[in-house]
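# Summary of structural features
Next come the chains, spelled out residue by residue.
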Protein chains: 2
Amino acid sequence: MTKKPADPANGSAPAARQVPMRDFSRSLPMSLLRAREAVMRQFRPSLREHGLTEQQWRILRALAAIEAVEVTELARTAFLLGPSLSRILRDLEARNLIERKTAKADQRRSMVSISKEGVKLMASVAPTSEAIYAQITSRFGARKLAELQEMLGELEQSLAGLGSADDTRAEG
Amino acid sequence: MTKKPADPANGSAPAARQVPMRDFSRSLPMSLLRAREAVMRQFRPSLREHGLTEQQWRILRALAAIEAVEVTELARTAFLLGPSLSRILRDLEARNLIERKTAKADQRRSMVSISKEGVKLMASVAPTSEAIYAQITSRFGARKLAELQEMLGELEQSLAGLGSADDTRAEG
DNA sequence: CGGAGATACTTAACATGTTAAGTGAATGCG
DNA sequence: CGCATTCACTTAACATGTTAAGTATCTCCG
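Notes on the structure follow. Computed from a predicted structure; not experimentally measured.

## Some remarks on the layout of surface pockets
When its volume is computed, the largest pocket comes out at roughly 900 Å³. Taken together, 27 residues form the lining of the largest pocket, with Leu33 and Arg36 of chain A together with Leu33, Arg36 and Gln55 of chain B sitting closest to its centre. Broken down by secondary-structure element, the contributors of at least two residues to the lining of the largest pocket are helix 1 (28-49) and helix 2 (54-64) of chain A together with helix 1 (28-49), helix 2 (54-64) and helix 4 (82-94) of chain B. Broken down by class, the residue content of the lining of the largest pocket amounts to eleven nonpolar, four polar and twelve charged.

Right under this line is the structure:
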């Protein structure tokens, strides 16, 4: 902030092209990000109408399939970090969409389950969500979709255990 | 919050399995999220050592290839929303990693470029970054990687123009 | 020329991502 | 038993994602 030259013809001219790298727009992380965004863009409006975020929806879906889970396992299932999950559960509980009980055997654990209201909300969202998914499948092709997911799974596998030894994140 | 029953044998018992849906852990968004996370986990530690976040690194890389860009085009290139970019540019400018000049012809536009310091930082990060990318490529297979990215691109294409007509997001 | 509308950002507000630290409860071991 | 360690979460702090609103500038048409 010492100076703010308005004259383009001086020493502070852009220092571009000095660090050759791959075209980052074609990097794997970018490809994955763009693809995921393209997919999520289809779902967000519908979720939004029901007052749900993508992550809240993930949690409800994870809970709908089971009786109750510990927070830690829910984090693994919904692929959320502990702190995010903690906040979201607090909000979902305030909205009476989920219920929490401390485990009898281990006072540290808290068992989370979906409430009747939560089930009702899910029931109202699920049809649209399934329809959108079906449309995506039909657009892209069911076979190609299966192939893609197969490759994504392989990618995940091939990188498992490469990062730092301590995986803070939720992964099976 | 009217009641908080501790007794499991009552009407508030978990209401699971009442909304049949696909196993969400196998949904496309989750597959993409997990795959991307597996990839990014490889890069984050290195970036972190250099005091950069993933997004800051994207911006620097986008800037390294050109003389200067408008903020809006940079958003498109780095695939960031305007508000995110606005904040990050403020911080990167404070750290003297980028420079900004108001465009002469149009006072609304601001031209962004990487600074000499920014170039130096990039030069110190790039080797590790490239090495990690090479390792990922080798682990997964160069051919498969190309295939995967091809499919991701096709997925993106097949969904283009499906969402709401007004695409706020940065996309070509 | 002048003001309505469009543009290019920026700010604001709220939710999540990410890492580190904190808290209370369980475990293991001397 | 006593206490250090581990465990299951929660809080805190900072950065980004996401949508809406605000600001300054520019365009264009009457």
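Next comes the rest of the account.
## Brief notes about the interface of chain B and chain A
Interface size, as often reported, equals the accessible area lost upon joining of the parts. Contact with chain B, which involves 83 residues of that partner, is made by 84 residues of chain A. Buried area between chain B and chain A, summed over both chains or domains, comes out near 8,300 Å², and the portion from carbon and sulfur atoms is 63%. Scanning the region where chain B abuts chain A turns up four salt bridges. Of the charged contacts in the structure, one is a salt bridge between Glu154 of chain B and Lys144 of chain A, with a shortest N-O distance of 2.2 Å. Linking chain B with chain A are 15 residue pairs in polar contact (both at pLDDT 80 or more), by the criterion used here. Among the elements that take part in the side of chain B that touches chain A, helix 1 of chain B stands out by supplying 16 residues, more than any other. Residue classes in the side of chain B that touches chain A are distributed as 41 nonpolar, 14 polar and 28 charged.

## Thoughts on the packing of helix 1 of chain A against helix 1 of chain B
Two numbers describe how helix 1 of chain A lies on helix 1 of chain B: the axes approach to 9 Å, and their chain directions differ by 150°. With respect to their mutual orientation, helix 1 of chain A and helix 1 of chain B come out roughly antiparallel. Relative to helix 1 of chain B, helix 1 of chain A is oriented so that their crossing is left-handed. Contacts between helix 1 of chain A and helix 1 of chain B involve Leu28, Pro29, Met30, Leu32, Leu33, Ala35, Arg36, Val39, Met40 and Phe43 of chain A on the former and, on the latter, Leu28, Pro29, Met30, Leu32, Leu33, Ala35, Arg36, Val39, Met40 and Phe43 of chain B. Taken together, the residues that form the contact of helix 1 of chain A with helix 1 of chain B break down as 18 nonpolar, no polar and two charged.

The rules behind each value
Residues numbered from 1 in each chain as written. Chains lettered and ligands numbered in written order. Predicted model: local features only at pLDDT ≥ 70, side-chain atom pairs only at ≥ 80, totals over all residues. Heavy atoms only, no water. 1 Å grid on protein atoms, 1.4 Å probe; cavity = no way out; pocket = protein on both sides within 12 Å on 5 of 7 lines; lining within 4 Å. Points joined across faces, edges and corners; volume = space filled by probe spheres on them. Helix = DSSP H or I, 4+ residues; strand = E, 2+ residues; numbered from the N terminus. Nonpolar A, V, L, I, M, F, W, Y, C, P; charged D, E, K, R; others polar. Contact = heavy atoms within 4.5 Å. Buried area = accessible area lost by both parts, 1.4 Å probe. Salt bridge = Lys/Arg side-chain N within 4 Å of Asp/Glu carboxyl O. Polar contact = N/O pair within 3.5 Å; in protein donor to acceptor, adjacent residues only side chain to side chain. Axes fitted to C-alpha atoms, helices over the stretch in contact; angles between N-to-C directions. Parallel < 35°, antiparallel > 145°, perpendicular 65-115°, else oblique. Left-handed = near helix turned anticlockwise from the far one by under 90°.

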